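Tertiary structure, described
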Amino acid sequence: MNAIKPRERDAVIQSLRAGVVPRSGQHLIQVGRFNEVEAILRDVERCADGGSAIRFVIGEYGSGKTFFLNLVRSIALEKRMVTAHADLSPDRRLQSTGGQARSLYAELMRNIATRSKPEGGAMSSIVERFVAEALRDAKENGSSVEATIHLRLQDLSEMTGGYDFAEVVAAYWRGHDTGNEQLKSDAVRWLRAEFATRTDARAALGVRTIIDDASVYDHLKLMARFVRHAGFSGLFVMLDEMVNIYKLANTQARNANYEQILRILNDCLQGSASGFGVLMGGTPDFLMDMRRGLYSYQALQSRLAENTFATGDLVDYTSPVLRLAALSPEDLYVLLTKLRLVFAAGDPARYLIPDDGLHGFMEHCSRRIGESYFRTPRTTITAFVNLLSILEQNPQASWQELLGRVDIHGDADPNQDAPNGENTPPSDDDALASFRL
Amino acid sequence: MAIVLYIGIFVVVFVVVKRLLAPAAPSAAPRQSSKESVTVSEAPSRRAPPTPPIAPAQWRASGSPIDIGGYRINGMVYFGSGLRSVKGGGIEPALIDPALRISTPTDHYNGEDLSYWPGYDHISPQARGRYLAWLEGGRKDPEISVGFVFLFFYGLERRLLIDQPANDEKRELIAEIERLRGLYTNASFKRYSGGLLDILRVMQSGEGAEPPVLPEQPGYDSLALRVGLGHCALSGAPIPATWALAWAEAHPDYRRRTPAERCRNEFEQLFSIEFLRRFPDGCKLKPNKRTIRFEYLPASASFGHAITHTSDIPDVAALKEPGETLKTIAMSCTEQLDAHSRYLGKHPETRDSLAALVLLPAPLLRVHTSVAIAALREWVNAALREPYALVDATALWAHWPDTDDAKPGTKRTSILLAQLLGSLDAGIEPDPRFGNSAIEVSGTIVLFRLGEDRPTIASTSYMAASMLLTLATTVARADNKVTQDEELCLEQQIRANLDLSPGEELRLRAQMRWLLATDINLNSVKKRLEALPIEKRELAAKFLVDVANADGEISPPEIDTLMKIYGLLGLDPKKLFSAAHAAATEPVFVQMAGAVSEPYAIPARNGSVRTGIDMRKVAAMNSESERVSALLRDIFSEENVTTNPAALPVSCLFGLDGARSRFFEEFVQKSQWRREDLESLATECDVLLEGTLDVINDLALERCDDALFDGEDPVEINESVARELMNERHQTAGA
């Protein structure tokens, strides 16, 4: 058995204790879903080869959409792609006129990540990798760096907003060249859509346009092409909590968003986007509600409808819609063994709890909260990780004794009643938080 | 373990029976809280055979000495026999029972054998002795196991949550907890004691609205903050900036980076500025349905359940959106302070010097009260009595500290100085950000008052105007007499012909004054022009003719100027006439092809109307000007030094180029890098830091399947990966 890197181990444990999906090390605790992962892997490879892909990851609350999305993110990074992810919210949508689309783009770009900077905030790195290439070219050919930047981005200039994009990249270089930190950070701010008015952009960077609500998707395509120029294989965009579109009360606003989705879908399926993949996570009602879901938009319904031959046990993994089934008790058992292994840093000799303990734990949870202990495993996992933490810190405590004290509640979608996010409070430094004595 | 259990059972039995026989003393009996909000659920107690009764237990307040087993302890404990645990069915763990055996602890015994949930009744006689010795010694021995601290804390917990003493005693007990928190840094103890203080605060906050105490460390989900925010929402008051910051820093995704630590004051100040900018009318929250329900799980096993407190205060802190927004503001503030913080990292002693302050973001600089800035502001205001002022550069540089990496007179420093002046509402010419040379250490400079519109970069139109101006001034100065009329004429020509923003016009006028007042840079312009290839000079000339023709006519004075410029460019003036002729005979615009035909008046001849400029032509010119903008920069930027940095004999590693290889070699030498040192290394090797780090890490991931480094500041090197890479390198070098 391979040893597990301490960094990944800590990241996984810490996230799970806080009840959030880990940002790295997902492969350590991935369970089942072989076909889904394989389907996505093919998508990622196609994008990395200059193709395009789009998938709607559909699953119930707590079924692991976000986990799956993050897993795909790490796969895409491994394939030398750049990733960008964001949750939709009332203030962040695909299409709007009040700044919400720009705000979504800004969030995506703040989270933009590369393999060596998987935690996000990689915009400067990407731009600098591109500029460094241009710099080398310029040195070899004896031409000016700015001219080289423009030359290399010529194909961008033909696209909407491309000319100014190239100008801003050139401005970044000029800022670096003259030690003008302000200019550098303004350039990055522009690329992250943080300029709200054209006047500001012109004063700071001399360009006439900004990334605004209307040009968000165009800029995603530009960015996809740009990262290829910077030496990456493409851009993978992950949009979670798509249910926020479904929740829009205004029909017009909702349909405008669906129209934007249709545009992306068409571009990706017809191959007119290159090196560009999109993954959207949402609940079944977001997909299937005939009044407000994706299906309410006729053009999308016909494209997304299930393959009529895929019934019963037959599943079509090439459809744009990927349905995540809930975990089975067996899956959960495997997951617990994996967690145990992560805790033991990959060394079975250091297991904190024997197999009996796993069974006992599952039984305890099942008695307390019924079958949701494996269907929506978030709280089960948190409780288990807490149990392992306390066993680790207190070798004298026995698991049998602790087990009866594990307090566990069913996991309910917090969006149902109060407008609360899935982020539970951050983990504390003591494991006893959810134990009763 | 089994023994402990047996003892436990025995004790349970003992106590239950005792209770049956003799009711507990009134002062010590656990009293149900009169407040509805505190609920204590009883666990079923177990039955057991009878045992003889012993003296009742009671709380001994601080200051009432107790003698036990040769130790004299100073109260603040439960003392006596037979106090049940809160949940019933067991002995109170914190109870010091004089009937139990005590033995003198061995020399270096500090309680290593204590279990996770100690109780006075079931710890060893030796441990009891040690505990009593610690109590006698004033509860401050740092060597002691935290288990004893907890044992004592259990008593305080019970007293505060169950007995609910008078306020004076409460304050005293809280002070004692605070004191212990200062002494014992065990994470578990910190968490429990913090939690207890929190819930006490909440239970009190219903009565008199005390201002919340903000969380002492980021990431800690402070109840005080939630309560404070809830009160704000209820009363409709806007959130104070300090609370907003605490909220932002408590966000699970928030990472406190170095700038927010190192420049804490600046960070807080900047946050409140940005916060106010984002919420000009104050950030007000609507109360939500969810109310704050606080659970405190007592450390003491005596309770057996959490203490819950349900308030009617809305739990607005649970709302996702405001937290996200505030976090984004805080992160952006951190980013804005990066440059300043890195400079301080390198020069910690220079906190108040201009060289450090200049790196602060503009909104902060504008309100900064440091002496250095105030002096400069005063000087600028004195100089700028008129809209434009010719001043001596020496006087300006006198304000600047001469440090190694901010030498006066360099381009880099000049940009900083120009930015600094900008935040004091003053512009300067020459300004390297607009394609000019650096601000020399002596000689004449022009200061001017900035207006509302203040570009910080040259737009293409401005570049064109600036070129025209420079060339025209060069020509005008050629005969060595520039009259006021000529000046005015120049200015008008430029203004009429190019689409400049108000800020650009201001600057252009300043530039003209500077050009006329100095002659240093004209020769260098000539030199640079001569160095340009002929086709580029022709492109520039054509552009100038177009500019002159933008108003529909090339006037005789313009022809005159242009002729001289042609001379300056080393071009044949005859070409000017054909170019001017071509420009004058271009087709006249009537209407868009394919447009719906409406009756139209026959347009006037080009040039006969001088009502304004033809915006279509301007637009066309602007798009053309974009092509020449690169050329313009060639002319006006300082000699484009193609730095061939350090042509050191460095082999190219792993396909990296020379500069990056050099960076890599240096980089792996250390196990940890401060960000500012990395910046210096990158400058020294002439590479772009972020991009290079990305490439290097990528390379390590490719070859060793692990990252070479981790973290932002400091950057930690993964030594095993570094070794592996270096080995590989030596092998390839050997081969």
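Definitions and limits used
- Residues numbered from 1 in each chain as written.
- Chains lettered and ligands numbered in written order.
- Predicted model: local features only at pLDDT ≥ 70, side-chain atom pairs only at ≥ 80, totals over all residues.
- Heavy atoms only, no water.
- Helix = DSSP H or I, 4+ residues; strand = E, 2+ residues; numbered from the N terminus.
- Areas by Shrake-Rupley, 256 points an atom, 1.4 Å probe, with all protein chains shown as cover.
- Buried < 20%, exposed > 50% of the residue type's maximum accessible area, 1.4 Å probe, protein only.
- Contact = heavy atoms within 4.5 Å.
- Pairing = 2+ DSSP bridges.
- Axes fitted to C-alpha atoms, helices over the stretch in contact; angles between N-to-C directions.
- Salt bridge = Lys/Arg side-chain N within 4 Å of Asp/Glu carboxyl O.
- pLDDT = per-residue confidence, 0-100.
- Expected span 1.5 Å × (residues − 1).
- Parallel < 35°, antiparallel > 145°, perpendicular 65-115°, else oblique.
- Nonpolar A, V, L, I, M, F, W, Y, C, P; charged D, E, K, R; others polar.
- Phe/Tyr/Trp six-rings, centres within 6.5 Å; stacked < 30°, edge-to-face > 60°.
- Lys NZ or Arg CZ within 6 Å of the ring centre and 35° of its normal.

Considering the overall build of chain A
- Helix and strand counts for chain A come out as 21 helices and five strands.
- Accessible surface, chain A: about 17000 Å² in total, of which carbon and sulfur atoms supply 49%.

Notes on the overall build of chain B
- When you go through chain B residue by residue, the secondary structure sums to 27 helices and 13 strands.
- The buried share of chain B, taken over its 735 residues, is 52%.
- Long-range contacts, defined as pairs at least 24 residues apart, comprise 65% of the intrachain contacts of chain B with a sequence gap of at least 6.
- When the accessible surface of chain B is summed, it comes to about 33800 Å², and 54% of that surface belongs to carbon and sulfur atoms.

Topic: the sheet that holds strand 8 (residues 388-392) of chain B
All names here are of chain B.
- If you walk across this open sheet you meet the three strands as 8-10-9, and the pairing is antiparallel. Across the chains shown, the open sheet's two edge strands, defined by having one partner strand only, are strand 8 and strand 9 (426-429). Pairs of neighbouring strands in the sheet enclose a mean axial angle of 30°, with direction left out of account.

Regarding the sheet that holds strand 4 (residues 276-282) of chain A
Residue and element names in this part refer to chain A.
- Overall, parallel pairing links the five strands, which are arranged 2-3-4-1-5 in an open sheet. Pairing within the sheet leaves two strands with one partner each, and these edge strands are strand 2 (82-87) and strand 5 (321-323). When the angles between neighbouring strand axes are averaged without regard to direction, this sheet yields 20°.
- Both strand 3 (residues 235-240) and strand 4 contribute to a ladder of five bridges, which runs parallel. Considered in strand 4, the bridge of Val 237 is made with Val 278.

Some thoughts on the environment of Glu 261 of chain B
Residues and elements named next belong to chain B.
- Mapped onto the fold, Glu 261 is located in helix 8 (residues 258-262).
- We classify Glu 261 as partly exposed; its relative accessible area is 46%.
- A sequence separation of 73 residues divides Glu 261 from Thr 334, and the C-alpha atoms of the two residues are 9.4 Å apart.

What about the pairing of strand 1 (residues 52-58) of chain A?
Residues and elements named next belong to chain A.
- Where burial is concerned, most of strand 1 is hidden: seven out of the seven residues are buried.
- Neither face of strand 1 is open: one carries Ser 52, Ile 54, Phe 56 and Ile 58, the other Ala 53, Arg 55 and Val 57, and all of them are buried.
- Bridge count for strand 1 against strand 5 is three bridges, and the pairing is parallel. Within strand 5, the position partnered with Phe 56 by the bridge is Val 321.

Focus on helix 9 (residues 181-191) of chain A
- Taken together, the buried positions of helix 9 of chain A are occupied by Leu 183, Lys 184, Asp 186, Ala 187, Val 188, Trp 190 and Leu 191 of chain A.
- Looking at the buried positions of helix 9 of chain A, the neighbouring elements they touch are helix 4 (100-110), helix 5 (123-141), helix 8 (162-177), helix 10 (198-205) and helix 11 (216-229) of chain A.

So, the pattern of salt bridges
Residues and elements named next belong to chain B.
- Taken as a whole and judged by the stated rule, the model has 58 salt bridges over all chains.
- With a closest N to O distance of 3.0 Å, Asp 168 and Arg 171 form a salt bridge. Of the two residues, Asp 168 and Arg 171 are both situated in helix 4 (residues 167-183); the distance of three residues between them amounts to about one turn of the helix.
- Accessibility expressed as a relative area gives 59% for Asp 168, which makes it exposed.
- Judged by relative accessible area, which is 54%, Arg 171 ranks as exposed.

A word on the confidence of the model for chain A
- Per-residue pLDDT for chain A has a mean of 84; in total, 89% of the residues score no lower than 70.
- Predicted confidence for residues 414-437 of chain A stays below pLDDT 50, and this span has 78 contacts to residues more than four positions away or in other chains.

Remarks on helix 16 (residues 329-343) of chain A
All names here are of chain A.
- Given a rise of 1.5 Å per residue, 15 residues ought to cover 21 Å, and the 21 Å separating the end C-alpha atoms of helix 16 matches this to within 8%.
- For helix 16, the full list of buried residues reads Leu 332, Leu 335, Leu 336, Thr 337, Leu 339, Arg 340, Leu 341, Val 342 and Phe 343.
- Each element contacted by the buried residues of helix 16 is listed here: helix 1 (6-17), helix 17 (355-369), helix 18 (372-375) and helix 19 (378-393).
- Among the residues trailing helix 16, Ala 345 stands out with phi positive, at a value near 55°.

Focus: the packing of helix 10 (residues 320-346) of chain B against helix 25 (residues 675-685) of chain B
Residue and element names in this part refer to chain B.
- Viewed as axis vectors pointing N to C, helix 10 and helix 25 meet at an angle of 90°, and their least axial separation amounts to 8 Å. The angle between helix 10 and helix 25 falls in the class roughly perpendicular. Counted together, Arg 342, Gly 345 and Lys 346 of helix 10 and Arg 675, Glu 676, Glu 679 and Ser 680 of helix 25 form the full contact between these two elements.
- When the residues that make up the contact of helix 10 with helix 25 are grouped by side-chain class, the tally is no nonpolar, two polar and five charged.

Brief notes about the packing of aromatic side chains
- Following the criterion strictly, the structure yields 24 aromatic pairs over all chains and no others.
- Here the aromatic rings of Phe 165 of chain A and Phe 226 of chain A are separated by 5.1 Å at their centres, their planes lie at 70°, and the arrangement is edge-to-face. In this pair, Phe 165 of chain A is assigned in helix 8 and Phe 226 of chain A in helix 11, connecting sequence segments 61 residues apart. Each of the two residues, Phe 165 of chain A as well as Phe 226 of chain A, counts as buried.
- Taken together, a centroid distance of 6.2 Å and an interplanar angle of 20° make the contact between Phe 667 of chain B and Trp 673 of chain B stacked. Judged on exposure class, the residue Phe 667 of chain B and its partner Trp 673 of chain B are both buried.
- An aromatic cluster of three or more residues is present, and its members are Tyr 120, Tyr 131, Trp 134, Phe 148, Phe 152 and Tyr 184 of chain B.
- One Lys or Arg, Arg 189 of chain A, reaches over the ring of Phe 195 of chain A and ends 4.4 Å from the middle of that ring.
- In this arrangement the basic side chain of Lys 670 of chain B is found over the ring face of Trp 673 of chain B, its NZ or CZ atom lying 4.3 Å from the centre.

A short note on the pairing of strand 7 (residues 307-314) of chain B
Residue and element names in this part refer to chain B.
- Counting buried residues in strand 7 gives six out of eight residues, a clear majority hidden from the surface.
- Note that strand 6 (residues 291-296) and strand 7 share five bridges and pair antiparallel. For Glu 295, the partnering residue across the bridge sits in strand 7 and is Thr 308.

Topic: the packing of helix 4 of chain A against helix 11 of chain A
All names here are of chain A.
- Closest axis-to-axis distance for the helix 4/helix 11 pair is 10 Å, and the angle between their directions is 20°. Classified by the interaxial angle, the pair formed by helix 4 and helix 11 is roughly parallel. For the pair formed by helix 4 and helix 11, the contact residues are Ala 101, Arg 102, Tyr 105, Leu 108 and Met 109 on the first element and Val 216, His 219, Leu 220 and Met 223 on the second.
- Residue composition of the contact of helix 4 with helix 11, grouped by class: seven nonpolar, one polar and one charged.

Examining the environment of Asn 394 of chain A
All names here are of chain A.
- Tracing the backbone shows Asn 394 in the loop between helix 19 and helix 20 (399-403).
- For Asn 394, a relative accessible area of 6% puts it in the buried group.
- Taking the C-alpha atoms as reference points, Asn 394 and Val 278, separated by 116 residues in sequence, lie 45 Å from one another.

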